[in-house]
Amino acid sequence: MPKRSPNRRFPARAASLSLALACGASAAWADPAPFELSGPDLRIEVTRDGQTLPIARVPSLAAGDKVVVHGALPETQSANFVLMSAFLRGATNPPPKDWIALARTWKAKEKDNTLTLTVPKEARQMVLLMVPETGGAEGVLMDAVRGKPGEFVRASQDLNQASLDHSRLEAFLSAIRAQDDNGPEYLRTVAPVLARSLSIKLQEDCLNKVIESQASCLVQNRESLVLNDVHTSSLAETITGTPTDLALQLANTREGGAGYYSAYIAVARDVAKIFGAFNNPEFNYLPTLTTRQGDRMSLLLNAAPSFKKPKSVMLTAMPAVEADIPPQLRSTAKGPICMAAGAVLPVEGAPLVFSTEFAHNMKVRLTSASGQTLEVPVRPRVDKGGYVMDAETLPAAFVGDVKAHLHGVWGFVPFEGPDFVLQRPGGDPWKVSGDADGLIVGRNNEVVLEGAAPGCVEEVTLRQPNGAARPLTWKALEGRRLGVTVPLTDVPAGEMKIELRQRGAGKTEAAAQTVTLRARVQASRLDALEMPAGDTQGFLTGQRLDQVRAVMVGDVEFRPDGLTREGGTDRLRLVAQGTGKAPAQAGSDKAAVKLEDGRTLNLPVRIGPPRPQVQVLGRTVYPGPTEQGAKALDLGSGDLLPDNGEMVFSLKAAPGMKFGPADVVEVAAAQGDAIARLEAGKGLSLESPEVLVATLRAADLPPATFGALRFRVVRKGPGGQGDWTPLTTVVRLPRIEAVTCTADKCAITGRSLFLIDAVAAEAGFAQPVAVPQGYTGRSLEVPRPADGTLHLRLRDAPQNAVKLVTG
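Here the structure is a predicted model, which means the values were calculated and not measured. (Residues numbered from 1 in each chain as written. Predicted model: local features only at pLDDT ≥ 70, side-chain atom pairs only at ≥ 80, totals over all residues. Heavy atoms only, no water.)

Peer 1: Any chance you could explain the overall build of the protein here in plain terms?
Peer 2: Helix and strand content of the protein: 10 helices and 50 strands. Split into buried and exposed, the 807 residues of the protein put 47% on the buried side. Within the protein, residue pairs in contact and separated by at least 24 positions form 67% of the contacts whose partners lie at least 6 positions apart. Surface accessibility of the protein: about 38200 Å² in total, with carbon and sulfur atoms responsible for 49%. (Helix = DSSP H or I, 4+ residues; strand = E, 2+ residues; numbered from the N terminus. Buried < 20%, exposed > 50% of the residue type's maximum accessible area, 1.4 Å probe, protein only. Contact = heavy atoms within 4.5 Å. Areas by Shrake-Rupley, 256 points an atom, 1.4 Å probe, with all protein chains shown as cover.)

Dropping the structure here:
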């Protein structure tokens, strides 16, 4: 049984399904029908603390409420109906006689044809019963209510909840049918919004069908579309959940008791079973769902009532007697909302605000930057997924950022919704944040614009000097700013105009707001060229370095290998061609910089100290202790570091380089920054000025570290960072508890077997057994090896194989 929220009327009961199966032999239920027959109407008003509401706006009753119920029968009504009301106070506490009242709807006087009731203090439910006029009906119905009140309590809960679910379903169906007014293509956009707003299961495959078939597909199996949500408990979702799939397949057969299955039919069967003991030659009970609009409550039947013996008693649930607890609406806005005509405040979390009138008098309180407030009415629009603002014009103070708070009334109590940030065009024009002459032709430029309402911008266009227009991409930034990318790779220098169009402003050129910029050609500016002595790389800084083709230092040619921009400065990495290197001695030299336009510029080059260069002399891996009860894995030559072990490796300095106590070894993953730092006394030991010994413990690495590792030597001063060099691969080891073999196969038993990529009986992996990703089992079946040794590829290092002895 699912947990109930404080505002749920009852838990959806899987008993409905089992009852449907148990009653399969009944001829009366051999071909059940949904609630599609229109029954009589009632006019109902509820008054609390001097305020009167129509029944459609009343989610629940409260002690002391005045309830007035009229029959709303047509003038041509030929059958007379007795209308009975009954308040209930629990399954084990029969109501007193004065909690049951009668009205004869055909009588002329209001005191005879109308129920005027006051909800008693201890009442928890209220039901209405309508039965064709017959002698003795009153006494029989009163005895039934007082004799077994618990059955009426259950029926009230079930029918009340089913009516709420039905309201969501009907709202979904009505919106789908309305697509005819908007064109069939509208469905692909609106169907997901409807499903999310009403918590309806969307048949996504329907949207892949031909357009003409989408609507009919979406509303198939409609009684199973309603899902559970935070404010109501859904019968359909509980009954059609995974635990009962097999039972549903049976119920879907004639032998199972029905031609098809419906959550609402299950309600009818439940109520029929509940009241089976009351049925007699005079009366039987007919459950009804209700739809509410204004003060009118219409009954929906799943079977035609009988006006002959046994006459039908139509049973209707009124709202439960409990506190009005408004739902928790949540905003789904991704950022500021444009406050144009028809602006939508997107919400989710309470489907009943779209399918009922419980939430009413909804407004949004607007607060301007100056503190001025204004109340604006809003309307729920399920196809928009939120509330639509009705205001077309607002005072001039409401421009730029405007705070908005959604609120209203839920039944009789105040209803507070979420907050939003709205934006409205107006005030100061758009302007460039920074240098309006800072565009450079031949590259993409990032321009920041400031304006009153970035959320209202729906199109940004570049107007080039020749009048041609080009759409631009943009993104919202913090504050009231837009970041716009202006591509000028094939545009001549000159004046440029950026045109911004706001929602509802029209598509004409005159309707756009214009920001004027100037694009200019920027020649390359060379600031500095630095190279480590004897190295194969260097760095050139300046501006417009994308025009650099090559740099000559003596007879060695360096070519561009990656341009980055740091602030307002370009930084160009240069790599020597062939076997060339920078001069071996630190000092200064001359370089010739060749540009793409054919020019050659001379620039001093600073030859700095050589970068640290080292050679790995040796590596030794010390595996961690094998867990008790686990089998050891042979990791081979030492290329793999288990996640509980440590590695000792030694480094030899390049000729002319000496290690010192300030030197550091950084360790990093294959991509990204350093994750470990070894220092003198903390993982590093000097064997001599030329040899350094390092100890790396896997336990000192960040949690969940696995895969390839690399290292570099870092020392103080210029050129202090060496090249990244591959070091080892950290592997997580499965816990192998046993290997059991038969004549032709073996079974590996253990935990974390998902860490194994594949297993083979021989080292060449000619016929490996692959382990599925995410494998959670405790055993693997593999071929038996001829030499008693299985070969495993670990998922963290599939290029290496480890050994597992079967004996």
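Peer 1: Before we go on, may I ask you to explain the nonpolar core in this structure?
Peer 2: Across soluble globular proteins, nonpolar side chains show a tendency to be buried alongside one another. Membership of the largest hydrophobic core comes to 41 residues, with the highest contact counts inside it found for V353, L366, Y387, M389 and L422. Of all the elements, helix α4 (residues 149-177) adds the most residues to this core, at seven residues. Non-local contacts of L366, meaning those with residues more than four positions away in its chain, are made with M339, Q372, T373, L374, V376, M389, L394, F398, V402, K403, A404 and L422. Ranked by size, the runner-up nonpolar core spans 29 residues in total, among them V67, L117, V119 and M130. (Core = buried A, V, L, I, M, F, W, Y, C linked by side-chain atoms within 4.5 Å.)

Peer 1: I keep staring at α4 and nothing clicks. Help me out?
Peer 2: In an α-helix, one turn spans 3.6 residues, which is why side chains three or four residues apart end up on the same side. Taking 1.5 Å as the rise per residue, α4 with 29 residues should run 42 Å; its terminal C-alpha atoms sit 41 Å apart, in good agreement. When you tally the buried positions in α4, you get 23 out of 29 residues, the bulk of the element. (Expected span 1.5 Å × (residues − 1).)

Peer 1: Explain the pattern of salt bridges to me, please; I cannot follow it from the model alone.
Peer 2: Side chains that carry opposite charge are capable of pairing whenever their charged atoms lie near each other. Counted under the stated rule, the structure contains 33 salt bridges. The residue D165 makes a salt bridge to R168 at a minimum N-O spacing of 3.2 Å. Of this pair, D165 and R168 both sit in helix α4, three residues apart, roughly one helical turn. Exposure remark for D165: the relative accessible area of 1% places this residue in the buried category. The exposure class of R168 is buried, given its relative accessible area of 0%. (Salt bridge = Lys/Arg side-chain N within 4 Å of Asp/Glu carboxyl O.)

Peer 1: What exactly am I supposed to notice about the sheet that holds strand β25 (residues 481-487) here?
Peer 2: Each strand in a sheet pairs with another by means of backbone hydrogen bonds, the pair being arranged parallel or else antiparallel. Ordered by their spatial adjacency, four strands build an open sheet running β19-β21-β25-β24, and the pairing between neighbours is antiparallel. Two strands in the sheet have a free side with no partner beyond their single neighbour: β19 (431-432) and β24 (473-477). Here two bridges tie β19 to strand β21 (residues 444-450), and the two strands are oriented antiparallel to one another. If you follow K431 over to β21, its bridge partner there is E450. (Pairing = 2+ DSSP bridges.)

Peer 1: Even after reading the chapter, I still don't get the state of the cysteines, so can you show me in this structure?
Peer 2: Joining two cysteines, a disulfide is a covalent bond between their sulfur atoms. One pass over the structure, following the stated rule, counts two disulfides. Each disulfide pairs two cysteine sulfurs, and for C741 the partner residue is C746, the sulfurs being separated by 2.0 Å. Because the sign of the S-S torsion sets the handedness, a value of about 105° for the bond joining C741 and C746 places this disulfide among the right-handed ones. A residue is classified by how much of its surface remains accessible, and C746, at 1% relative accessible area, is buried. (Disulfide = S-S within 2.5 Å.)

Peer 1: How do you make sense of the pairing of strand β32 (residues 569-576) when you look at a structure like this?
Peer 2: Note on strand geometry: in a regular strand, side chains alternate between the two faces of the sheet. The alternating pattern of β32 places D570, L572, L574 and A576 on a buried face and T569, R571, R573 and V575 on a face that is not buried. In the sheet, strand β29 (residues 537-543) pairs with β32 via six bridges, with the strands oriented antiparallel. Bridging from a neighbouring strand, Q537 pairs with V575 of β32. Here seven bridges tie strand β31 (residues 556-566) to β32, and the two strands are oriented antiparallel to one another. Across the sheet, the residue bridging to T564 is R571, located in β32.

Peer 1: I'm lost on the pairing of strand β18 (residues 413-424) in this one. Help?
Peer 2: Sheet analysis places strand β12 (residues 337-338) next to β18, joined by two bridges and oriented parallel. Bridge pairing links I337 to L422 in β18.

Peer 1: Looking at this structure, I do not really get the sheet that holds strand β48 (residues 779-783). What am I missing?
Peer 2: Across the sheet, which stays open at both edges, the three strands sit in the order β44-β45-β48 with antiparallel pairing between neighbours. Each end of this open sheet is capped by a strand with a single partner; those strands are β44 (735-741) and β48. The average angle at which neighbouring strand axes cross in this sheet is 25°, direction not considered. Where strand β45 (residues 745-751) meets β48, five bridges bridge the pair, whose relative direction is antiparallel. Looking at β48, one finds that T749 is bridged to S779. (Axes fitted to C-alpha atoms, helices over the stretch in contact; angles between N-to-C directions.)

Honestly, that's just the spatial picture; any functional story needs more than this.
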